[in-house]
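A look at the structure
Given next are the chains, with one letter for each unit.
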Amino acid sequence: MRIGLLTEGGYPYVSGEARLWCDRLVRGLGQHEFDIYALSRSRRQEEQGWIELPPQVSRVRTAPLWAVDDDALSGAGPRGGHGRRARRRFTECFGELATVVCRGGSEGGAGGAADGSDDMADRFGNALYGLAELARDEGGLAGALRSEAAVRALERACRAPGALRAARTVRVTDLLAVADLVERALRPLSLDWYTDDGLGAVDLCHATSGGPAALPGLLARHFAGVPLLVTEYGVQLRAHYLAAGETGLSAPARALLASFHGLLAAEVYDKATLITPGNTHARRWQERCGADRAKLRTVHPGMESDRFTEVGESGYEDPAADPGTLLWVGRIEPAKDLISLLHAFADVRKEEPGARLRIVGAPAEGPEAAAYLAHCRALAAQLFPDEADGAHAVGDNPVSFEEIGGPETPELADAYAAAGVVVLSSVVEGFPISLVEAMFCGRATVSTDVGAVVEVIGGTGLVVPPRNPRALAEACVALLRDPERGARLGAAARARALELFTVEQNVAAFRGIYLEIVSHCPVRRDALDESGEPVPFAHPAEASVPGRWAVAVGPAAGAEPGNESAGVPSWAVHRLPEDAGPKGAALKGAAV
């Protein structure tokens, strides 16, 4: 079958999110054809290029979410740049969308569409698809969505009765910021991806996240009836809520954007054929945002286990293993709460003076993460002054900050091999990749109860409350003092990881989901003959299943003209001997 893979800031870009998962999925489903439709987030991402694509990727189409079409804006003018009728349609559709957004998706509150009435959700959907049809007819809406008419529509909706309390205090600068960000989120409306030779030609749209990435799938479903599958390993709406405080926007602007993204998420969940969260934590978020439980199928992310095989099979008998070493692996940023980890390690050292802590990772992008790393280094130096065996010996700090590729840690597997206990101290976490890697390596773990940690660990490690250094320290000391218990937990963790979190189980799950969706929701396309008349049975259901028996014969399949079995599978054609009589000849080649 032909799959339209929809991404935002991810595959096929080198620096994209979830690029490894997408690449493994595409390579693992070699029997299918993939068209990639990617939205990029920055100029830098585009300049870094793509990863090497497998042969089953037949087409890649990209569009930027970071750039603005200057030509569209310069020709738009204050009213949006279209004719009178188009401007009237835009005012009606965008005004309706703004009204629903400013009401918070429901008549009485800011709970979003999940708590609002079906009527409000329908109004949002109708307005969205009305804008999409207008964009298709007029060649785009970038100018209109940033025009004075759009800002005035938002202002009227904010001042109208029933609007959110926060929206009533909105200022002009807030309205301009909201209009800008809404236009960016709705930019897929203006793309030319929805033609019969674009997304209209695929059998299934697979959005690798919610939000703008799923919007092209919504439009392909609206225009061409293509079924939509949505996969979320990190819920986009949750990510928006977490990042809202760092945007510098005012409270009214944040309230309007939260309402908009909540309504968009609810529309995506409502129209998706199936939704595949990566864990129970993401599933609860989706249900809270309006997803139907009957549509949800948990599919855990698939991770490469081969590079950890040698370490995992050796277990704690590996010569490099140091039972007294605690290891932390990840991206260094405030959400990882390394401050609590360092204070916990101070308590560990009181009980186990020979313990060491290795922090392996690089800071996340941005000055805040770099400043956080510097703060952690300073705190480590303050808590643990360099220790020396004698007056003339060189001191050594029990806490080390390392990066993969350095002399001490050339490979990630080497870091896990040298660890006695792997620690996770996050206060915010989605799917804990470092824990799964530690489980592949057969290492005991101590982690905080956030995100999908408990679901991933499943009783094979110790879990403590977040922001509790004392509890974290006690759990670490318990495993450091009982290596046999750590070895048992590590062996159980490795068995669990190999059962649930491998690439093979992930690919197998999506292979079955693809076939299920296409079999239940096939795209209805009329095949026409040379005279323009529809060809019956031109697309038999069996043609979607691999195998020679499913190949159709006749003109629709490239057979010679005049074949009476056009468009019918070869196994369904009744062939009679050449010496059959006139009555038999009349039946020769007829479909059974």
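Along each chain, the written sequence defines residue order, and numbers are assigned to residues from 1. Per-residue local features are limited, in this predicted model, to residues with pLDDT of at least 70; the limit for side-chain atom pairs, both in listing and counting, is 80 or more; totals at the level of whole chains, interfaces and linings are taken over all residues. Heavy atoms throughout the structure, all of them, feed into the side-chain values; hydrogens and water do not.

**Let's talk about helix 7 (residues 148–159)**
The criterion, for reference: Only runs of H or I of at least four residues qualify as helices and only runs of E of at least two qualify as strands under DSSP, and these elements are numbered from the N terminus. How far a helix is expected to stretch is found by multiplying one less than its residue total by 1.5 Å. Per-residue accessibility, obtained with a 1.4 Å probe over protein chains only, is compared with the maximum for each type, and a residue is labelled buried under 20%, exposed over 50%, and partly exposed between these values. Our arc is simply the arc of the directions from the helix axis toward the C-beta atoms. We call two residues in contact whenever any of their non-hydrogen atoms come within 4.5 Å of each other.
Taking 1.5 Å per residue, twelve residues should reach 16 Å; helix 7 reaches 17 Å between its end C-alpha atoms and fits that length. Within the span of helix 7, buried status applies to Ala150, Val151, Ala153, Leu154, Ala157 and Cys158. Each buried residue of helix 7 sits inside an arc of 160° when the element is viewed along its axis, so together they form one side. Elements in contact with the buried residues of helix 7: helix 4 (84–102), helix 6 (142–145), helix 8 (172–185) and helix 11 (251–271).

**Quick word on helix 12 (residues 280–288)**
Filter applied, for reference: Each polar contact in these results corresponds to two N or O atoms within 3.5 Å; when the atoms are within protein, one needs to be able to donate a hydrogen and the other to accept it, and residues that are neighboring in sequence are counted only if both atoms are side-chain atoms.
Listed as buried for helix 12 are His281, Ala282 and Gln286. For helix 12, the angular spread of the buried residues around the axis is 140°, confining them to a single face. At its buried positions, helix 12 is contacted by strand 5 (228–232), helix 10 (236–244), helix 11, strand 6 (274–277) and helix 18 (453–457). Capping the start of helix 12, Asn279 holds a side-chain oxygen 3.1 Å from the backbone nitrogen of His281, two or three residues further along. With its phi angle positive at about 110°, Gly290 sits one or two positions after the end of helix 12.

**Concerning the sheet that holds strand 4 (residues 204–207)**
Stated formally: Pairing between two strands is assigned when DSSP locates at least 2 bridges connecting them. Only the contacting stretch of a helix is used when fitting its axis, a line to C-alpha atoms as for every element, and angles between N-to-C directions run 0 to 180 degrees.
Sheet architecture is open: six strands sit in the order 3-2-1-4-5-6, paired in parallel fashion. Edge strands, defined here as strands with exactly one partner in the open sheet, are strand 3 (57–64) and strand 6. Strand after strand, the sheet turns through a mean of 15° between neighbouring axes, direction not considered. In the sheet, strand 4 pairs with strand 5 via three bridges, with the strands oriented parallel. Across the sheet, residue Ala207 finds its bridge partner in strand 5, namely Val230.

**With respect to the nonpolar core**
What counts, and what does not: Throughout, nonpolar core names a set of buried Ala, Val, Leu, Ile, Met, Phe, Trp, Tyr and Cys residues whose side chains join them through atoms within 4.5 Å.
Phe90, Phe124, Leu128, Leu189 and Leu199 are the most contacted members of the largest nonpolar core, which totals 77 residues. Non-local contacts of Leu128, meaning those with residues more than four positions away in its chain, are made with Leu97, Leu186, Leu189, Leu215, Leu218, Leu264 and Glu267. Listed in part, the 37 residues of the second largest apolar core include Leu341, Leu462, Val477 and Leu479.

**What to know about unusual backbone geometry**
With an omega of 10°, the peptide bond between Tyr11 and Pro12 qualifies as cis. Residue position: Pro12 is located in the loop between strand 1 (2–8) and helix 1 (19–28). Of note, Asp337 is a non-glycine position whose phi angle comes to about 55°, a positive value. Topologically, Asp337 is positioned in the loop between strand 7 (325–329) and helix 14 (338–351). Located in the positive-phi region is Arg467, a residue other than glycine, with phi close to 55°. Within the secondary structure, Arg467 is located in the loop between strand 12 (462–464) and helix 19 (469–480). Look at Arg467 and you get exposed, because its relative accessible area is 63%.

**Considering the environment of Ala185**
On the secondary structure map, Ala185 appears in helix 8. For Ala185, a relative accessible area of 5% puts it in the buried group. Sequence-wise, Ala185 and Phe260 are 75 residues apart; in three dimensions their C-alpha atoms are separated by 9.7 Å. Discounting residues that sit within four places of it in the chain, Ala185 has contacts with Pro212, Leu215 and Phe260.

**Quick word on the sheet that holds strand 9 (residues 399–402)**
The strand order across the open sheet formed by six strands is 9-8-7-10-11-12, and the pairing between neighbours is parallel. The sheet terminates laterally at strand 9 and strand 12, the two strands that pair on one side only. Taken pair by pair, the neighbouring strands of this sheet meet at an average axis angle of 20°, ignoring direction. Strand direction decides the pairing type here: strand 8 (residues 356–360) and strand 9, joined by four bridges, are parallel. Looking at strand 9, one finds that Leu357 is bridged to Val399.

**Considerations on the pattern of salt bridges**
Quick note on the threshold: Salt bridges are defined by distance alone: a side-chain nitrogen of Lys or Arg within 4 Å of a carboxyl oxygen of Asp or Glu.
In the structure shown here, the tally under the stated rule is 24 salt bridges. Of the charged contacts in the structure, one is a salt bridge between Asp180 and Arg146, with a shortest N-O distance of 2.6 Å. Here Arg146 lies in the loop between helix 6 and helix 7 and Asp180 lies in helix 8, a separation of 34 residues in the sequence. Residue class for Asp180 comes out partly exposed when judged on its relative accessible area of 23%. Here Arg146 falls in the partly exposed class, since its relative accessible area comes to 25%. Linking Glu352 and Arg481 is a salt bridge whose minimum nitrogen-to-oxygen distance equals 2.9 Å.

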